[in-house]
Amino acid sequence: MLHVEGSCHCERIKFEAEVDTTKVVMCHCTDCQKISGAPFRAVVPAAKEHFKLLQGQPKTYIKTADSGNRRVQAFCPDCGSSIYATSEFDQEMFGLRVGTLKQRTQLVPTKQIWHRSAVPWLNEIDALPKLEKQS
């Protein structure tokens, strides 16, 4: 288990959790693509008893997934950062958004899910020029 600390972009919402580093996934589903504005999203689960909001209160809405499951999507009402998703009825597990965590470099994905929705150019990005910062 790894202790993680997270926050939204504006830092109005802060939280901490204990996560299993072997459970990190890259999700290519179209919901994750649209909600994150990126071609995929990295997620790590945290059990309810290991997740604690320290500051702020996320805004939530319910999204019905392709599977038919109704998922609570939690995000900062000010900056819009996505914080987590959980089941509408059984909120025992929180899918934390790895990008919000200080320890994100230690959370290496162990598998990819919904790969049928992956953007086809993703495998080609290693060949692109790499700049250390925006010029």
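Right above here is the structure, for reference.
These numbers were taken from a predicted model, which means no experiment stands behind them.

Criteria and cut-off values
- Residues numbered from 1 in each chain as written.
- Predicted model: local features only at pLDDT ≥ 70, side-chain atom pairs only at ≥ 80, totals over all residues.
- Heavy atoms only, no water.
- Salt bridge = Lys/Arg side-chain N within 4 Å of Asp/Glu carboxyl O.
- Helix = DSSP H or I, 4+ residues; strand = E, 2+ residues; numbered from the N terminus.
- Core = buried A, V, L, I, M, F, W, Y, C linked by side-chain atoms within 4.5 Å.
- Buried < 20%, exposed > 50% of the residue type's maximum accessible area, 1.4 Å probe, protein only.
- Contact = heavy atoms within 4.5 Å.
- Polar contact = N/O pair within 3.5 Å; in protein donor to acceptor, adjacent residues only side chain to side chain.

Visitor: Report on the pattern of salt bridges, specifying residues and quantitative values.
Guide: Close approach of charged atoms allows side chains of opposite charge to pair. Counting across every chain of the model gives 6 salt bridges. In this structure, the salt-bridge partner of Arg 70 is Glu 88, at a minimum N-O distance of 2.5 Å. With Arg 70 in strand β7 (residues 70–75) and Glu 88 in the loop between β8 (82–87) and β9 (93–97), this residue pair connects regions lying 18 residues apart in the sequence.

Visitor: Provide a residue-level description of the nonpolar core, including the pertinent values.
Guide: Core analysis: the biggest nonpolar cluster contains 21 residues, and Val 19, Val 44, Phe 51, Leu 96 and Leu 107 have the highest contact counts within it. Looking at this core, the elements with two or more residues in it are β1 (2–7), β2 (14–19), β4 (41–47), β8 and β9. Those residues in contact with Val 44 that sit more than four places away from it in its chain are Val 19, Asp 20, Lys 23, Val 24, Phe 94, Gly 95, Leu 96, Val 98, Leu 101 and Leu 107.

Visitor: Could you give an account of the environment of Thr 86, naming the residues involved and the relevant values?
Guide: Following the sequence through the fold, Thr 86 ends up in strand β8. Here Thr 86 falls in the buried class, since its relative accessible area comes to 1%. In this structure the C-alpha to C-alpha distance between Thr 86 and Pro 45, which are 41 residues apart in sequence, comes to 9.5 Å. With residues near it in sequence (within four places) discarded, Thr 86 still touches Arg 70, Arg 71, Val 72, Gln 91, Met 93 and Phe 94. Here the side chain of Thr 86 touches Met 93 through a polar contact of 2.7 Å, landing on its backbone oxygen.

Visitor: Requested: an account of unusual backbone geometry, with residues and values cited.
Guide: Of note, Glu 11 is a non-glycine position whose phi angle comes to about 65°, a positive value. Inspection of the secondary structure puts Glu 11 in the loop between β1 and β2. One non-glycine residue with positive phi stands out, namely Trp 114, at about 55°. Relative to the helices and strands, Trp 114 is located in the segment after β10 (111–113).

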